[in-house]
Amino acid sequence: MTVIAEKPKAASRIAQALGQATLCRIGGIPVYYVRFNGQLLVIVSSAGHMFGPTTAVEGLPVTELKWEPLWSFERRSKHLRPYYEVLAKTLPGALTYISACDYDLEGSTICYKIIEAFGDLKRARRAKFSSLTAGELRRAFMNLGPLDVNNAMAGVARAELDWLWGINFSRLLMRAYRMTVGKRLSLSAGRVQTPTLAEAVRRWMGRNSYVPVPSLSLSAELEVDGVKFRARPDGWEPKTRAEAQAIVRDVKERGYMVTASYKSEEESIRPPPPFNLTDLQEEAARIYGLSPYRTQEIAEDLYLSALISYPRTESQRLPSDLDYKGVLTALARQREFSALVSDLLRETGGVLRPVEGPKRDPAHPAIYPTGETPREPLDKYHRAIYELIVRRFMAVFARPLVIARAEATLRDSAGRPWRASGQRVIRRGWTHYYPYVSLEEAQLPQLRIGQRADLVSASVRVVWPASGVRLSRLALLEWMESNDLGTKGTRARIIETLLRRGFLETKGRRAEVTELGYAVYKTLAAAAPELVSVELTRDFERKLELIVDGKLSRDAVVSEAKQYVSDLVRKYSQQIDVIGRRLAELAGAVRPARTCPICGRPASGELCELHELALKELNEKLDMIAERLGLSRSEALRAVANRRSTGVWARETAQYLLRKLK
DNA sequence: GCAAGGTC
Ligand SMILES: [Zn+2]
């Protein structure tokens, strides 16, 4: 019997779980031999996908795809060759093949394609397990099921659909560009990257056309028994600057406010769950400013050095059979953790019950440290990520953080409510182990109803709110995750692809859409609206589900897609000069007939589409701004043009209008 | 040369 595992680490875990394993290396690749249930098992390992769709056909549309070894046509997969050779050598002639990849569609496809190439699908079985724990693995190998062909077919369909849409529309873009500009440029489109680019464009447009409407922020400083605290309007806001100034005068004249309500309570905040990859990427960005992709690379390094468990996971649960205490004791051998470990063991009395989050993963638990000590010193960021993971692991066992919160309502002479709040840490709990949280304290004395608070000062400030539109690699990653787009392993990588193509660029943590990115988005939104929307993914998912349930064949789904994509591509190939012209104009490679007087982009009305958008925002908000601040429209325009929180295009448009007024 | 999905 020959067992095929998805990756070397899994092969090793399977071998150890099933019995006394003998390790043999063929060309450096591990192969295990183990006797289990009266049979000799040979356990070999893949390293993810060994095969993928490709074509020898150039041009457009292209529907003739074949599955070939990845090492043979993909430069970055050259390292897969030794794995491939070992599979090719060890599989032929076995009596039974056991598909033992992760139990998900991709895993099923990996094994299916390997057995199809080197073994015999008719003699294949499936081991189903959702974690690499000894008990679960033994149970899976005692209860082998039939080969899950439908799952594999769904995985094959996923790959082929992605290939058909991605390759065809990438080629369409490149051809259109080449025909108009006369130069070659690597452009791309795909089910995941294109909706992500579209979201970046939406955010970019929202941020740059943003026109802030100022709010009048009132604040009163009060004092009771020598303790000063701050109160702000509770659920109301002055509508104009004049009204706000009148309220300040009024409040100052009376010199005190009267307590209408007071309550205080203790709030207990449980530790955050153990890390999955996205949570780790979020925290590494927040604390160290690392990009999601960099964090992922570092986590993979730490995994390969056996310092942490498998990082490409969505799970927020630790494995139930993990020896928590053993890991902690091992971590205590590292000097910087020893005091923390003894604190934790003392505070829990050795009863280690981890917090869990709601997210699950079909194949892997949350990320945890293995307890091994780094063999050589880690560099700065490897160290930082490792420590983050260790500390998060400790925190999940610790006691809750306890905060005392107090809240009071006070009334001014006109009976308007003002709110004051205070908070104080009573017990640090898990933040002792995971101190990357800011615990702001604010004082509020205990107040009785009817009690007076003396006024120290009162003021009004004009606040121009920021757009609140987040556009960064992390924000895009979070958007992808919340829309179920891409996987934990590919999201960060696909964002890097958008950068590499020059569709996005970064300035520090912020991301921007480039002119090329905008041009590609506009072209695709016109030529293939399906590809720009997350609905294409939802449509794929529905079809894959039907394949899994045996209600639809892979061939039917793929044939339909071939027809659809090639019809669409043929239709647009006929007007490729129009598409190419528009793409090139927007990308700034060709001069348009009419240009925007502000920026030189192609004009869609008087201005380009982007400055038109900003103009519309200005028109919608200018009257309200003028009224709030008691200004004329042109004064309001000048105010907007000079605010930092105003979006770039809105500022430019406001200045343009001011120049025209003169 | 183009996708997205595994993993070294
Ligand atoms: Zn413009």
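As the structure is a prediction and not an experimental result, all values here were calculated from the model. (Residues numbered from 1 in each chain as written. Chains lettered and ligands numbered in written order. Predicted model: local features only at pLDDT ≥ 70, side-chain atom pairs only at ≥ 80, totals over all residues. Heavy atoms only, no water.)

Peer 1: Before we move on, can you summarise the pattern of salt bridges with the specific residues and values?
Peer 2: Counted according to the given criterion, the structure contains 47 salt bridges. The shortest N-O distance in the salt bridge between Glu160 and Arg554 comes to 2.6 Å. Here the residue Glu160 occupies a position in helix 6 (residues 149–181), and Arg554 occupies one in helix 19 (residues 554–573), the gap between them amounting to 394 residues. The class of Glu160 is buried, set by a relative accessible area of 5%. Judged by relative accessible area, which is 23%, Arg554 ranks as partly exposed. Where Glu372 meets Arg375, a salt bridge forms, and the shortest distance between an N and an O atom there is 4.0 Å. Taking the relative accessible area as the measure of exposure, Glu372 reaches 36% and is therefore partly exposed. Overall, Arg375 belongs to the exposed group, its relative accessible area being 75%. Through salt bridges that share partners, Glu106, Arg158, Asp162 and Arg191 make up one connected network. (Salt bridge = Lys/Arg side-chain N within 4 Å of Asp/Glu carboxyl O. Helix = DSSP H or I, 4+ residues; strand = E, 2+ residues; numbered from the N terminus. Buried < 20%, exposed > 50% of the residue type's maximum accessible area, 1.4 Å probe, protein only.)

Peer 1: Break down the coordination of the zinc ion for me, citing the residues and quoting the values.
Peer 2: Bound to the zinc ion on the protein side are Cys596 (SG), Cys599 (SG), Cys608 (SG) and His611 (ND1), at distances that span 2.0 to 2.3 Å. Sequence positions of the donors to the zinc ion reduce to the motif C-x2-C-x8-C-x2-H. (Donors = N, O, S within 2.8 Å, 3.2 Å for Na, K, Ca; no water.)

Peer 1: Account for the packing of helix 10 (residues 292–304) against helix 13 (residues 380–395), with residues named and values stated.
Peer 2: At a closest axis distance of 10 Å, the pairing of helix 10 and helix 13 adopts a crossing angle of 80°. Comparing the axis directions of helix 10 and helix 13 gives the class roughly perpendicular. The residues of helix 13 that touch helix 10, namely those facing Arg294, Thr295, Ile298, Asp301 and Leu302, are Tyr381, His382, Ile385, Tyr386 and Ile389. Grouping the constituent residues of the contact of helix 10 with helix 13 by class yields six nonpolar, two polar and two charged. (Axes fitted to C-alpha atoms, helices over the stretch in contact; angles between N-to-C directions. Parallel < 35°, antiparallel > 145°, perpendicular 65-115°, else oblique. Contact = heavy atoms within 4.5 Å. Nonpolar A, V, L, I, M, F, W, Y, C, P; charged D, E, K, R; others polar.)

Peer 1: An account of helix 13 is needed here, citing residue identities and associated values.
Peer 2: In a regular helix each residue adds 1.5 Å, so 16 residues correspond to 22 Å; helix 13 covers 22 Å between its end C-alpha atoms and thus fits that length. Burial of helix 13 is extensive: 13 of the 16 residues sit out of reach of the surface. Of the residues that open helix 13, the one with a side-chain oxygen 3.2 Å from the backbone nitrogen of Tyr381 is Asp379. (Expected span 1.5 Å × (residues − 1). Polar contact = N/O pair within 3.5 Å; in protein donor to acceptor, adjacent residues only side chain to side chain.)

Peer 1: I'd love a proper account of the protein's contact with DNA strand B, names of residues and values included.
Peer 2: In the vicinity of DNA strand B there are 41 residues, among which Arg76, Tyr310, Thr487, Thr490 and Arg493 approach most closely. For DNA strand B, a phosphate oxygen lies 3.3 Å from a polar atom in the side chain of Arg501. Broken down by element, the residue count for the surface near DNA strand B peaks at nine residues, all from helix 6. When grouped by side-chain class, the residues that make up the surface near DNA strand B number 15 nonpolar, 12 polar and 14 charged. (Near = heavy atom within 4 Å.)

Peer 1: Give me the sheet that holds strand 14 (residues 417–427): which residues, what numbers.
Peer 2: Strand order in the closed barrel formed by six strands is 10-11-14-13-12-15, with antiparallel pairing between adjacent strands. If you compare each strand with its neighbour and ignore which way they point, the axes differ by 35° on average. Examined bridge by bridge, strand 10 (residues 215–224) and strand 11 (residues 227–233) share five bridges and lie antiparallel to one another. Looking across to strand 11, one finds that Glu223 is bridged to Lys228. Here helix 8 (residues 241–254) sits on the sheet and contacts strand 10, strand 12 (256–269), strand 13 (401–411), strand 14 and strand 15 (452–463); the angle it forms with strand 15, its principal contact strand, is near 165°. (Pairing = 2+ DSSP bridges.)

Peer 1: Which residues make up the side chain of Glu6, and what values do they have?
Peer 2: Counting through the fold element by element, Glu6 comes out in the loop between strand 1 (2–5) and helix 1 (8–18). Notably, Glu6 is buried but unbridged: the nearest opposite-charge side chain belongs to Lys7, and the N-O separation is 4.6 Å. Dropping the residues within four chain positions of it, Glu6 is found in contact with Ser45, Ser46, Ala47, Gly48, Ala100, Cys101, Asp102, Gly107 and Ile110. (Lys, Arg positive; Asp, Glu negative; His and termini not counted.)

Peer 1: Describe in detail the packing of helix 6 against helix 20 (residues 576–586), supporting the description with residues and values.
Peer 2: Put simply, helix 6 and helix 20 touch, their axes get as near as 8 Å, and they point 80° apart. Relative to helix 20, the element helix 6 is oriented roughly perpendicular. Counting all contacts with helix 6, which are made through Leu172, Leu173, Arg175, Ala176, Tyr177, Met179, Thr180 and Val181, the residues of helix 20 involved are Ile576, Ile579, Gly580, Arg581, Leu583 and Ala584. Classifying every residue of the contact of helix 6 with helix 20 by side-chain character gives 10 nonpolar, two polar and two charged.

Peer 1: Give a description of the nonpolar core that names residues and reports values.
Peer 2: Formed by 142 residues in total, the largest nonpolar core has its most connected members in Ile114, Phe169, Phe229 and Val520. Among residues more than four places away in sequence, those in contact with Val520 are Leu173, Leu187, Ser188, Leu197, Phe503 and Leu583. Counting residues in each nonpolar core, the second largest holds 43 residues, with Ala284, Leu331, Leu352 and Phe397 among its members. (Core = buried A, V, L, I, M, F, W, Y, C linked by side-chain atoms within 4.5 Å.)

Peer 1: Could you give an account of the sheet that holds strand 1, with specific residues and numbers?
Peer 2: Across the sheet, which stays open at both edges, the seven strands sit in the order 2-3-4-1-7-8-9 with mixed pairing between neighbours. The outermost strands of the open sheet, each flanked by one partner alone, are strand 2 (22–26) and strand 9 (145–146). Two strands pair when backbone bridges link them, and strand 8 (residues 124–126) and strand 9 are joined in this way by two bridges, in the antiparallel orientation. When the bridges of strand 9 are listed, Arg125 appears paired with Pro146. Lying on the sheet, helix 4 (residues 105–118) is in contact with strand 1, strand 7 (97–100) and strand 8; it crosses strand 7 at an angle near 155°.

Peer 1: Can you tell me about unusual backbone geometry, naming the residues and giving the values?
Peer 2: In the segment running from Leu60 into Pro61, the intervening peptide bond is cis, with an omega of -10°. As for its placement among the helices and strands, Pro61 is situated in the loop between strand 5 (51–54) and strand 6 (66–69). At Ala306, a position not held by glycine, the phi torsion is positive, near 65°. Mapped onto the secondary structure, Ala306 falls in the loop between helix 10 and helix 11 (324–331).

Peer 1: Give me the lowdown on the environment of Ala198, citing residues and values where you can.
Peer 2: Residue position: Ala198 is located in helix 7 (residues 193–208). Judged by its relative accessible area of 0%, Ala198 falls in the buried class. Sequence separation between Ala198 and Asp343 is 145 residues, and the spatial gap between their C-alpha atoms is 49 Å. Every residue in contact with Ala198, bar those within four places of it in the chain, is listed here: Tyr521 and Val532.

Peer 1: Tell me what's going on with the environment of Glu652, and back it up with residues and numbers.
Peer 2: Here Glu652 lies in helix 23 (residues 648–661). With a relative accessible area of 27%, Glu652 lands in the partly exposed category. Note: C-alpha distance between Glu652 and Ala614 (38 residues apart in sequence) is 8.8 Å.

Peer 1: Please set out helix 15 (residues 491–500) residue by residue, giving values where relevant.
Peer 2: Burial analysis of helix 15 places eight of its 10 residues in the buried class, the great majority of the element. Looking only at helix 15, the buried set comprises Arg491, Ala492, Ile494, Ile495, Glu496, Thr497, Leu498 and Leu499. Buried residues along helix 15 sit against helix 7, helix 9 (277–288), helix 10, helix 14 (473–482) and strand 16 (504–507). Positive phi shows up at Gly502, right after helix 15, with a value of about 80°.

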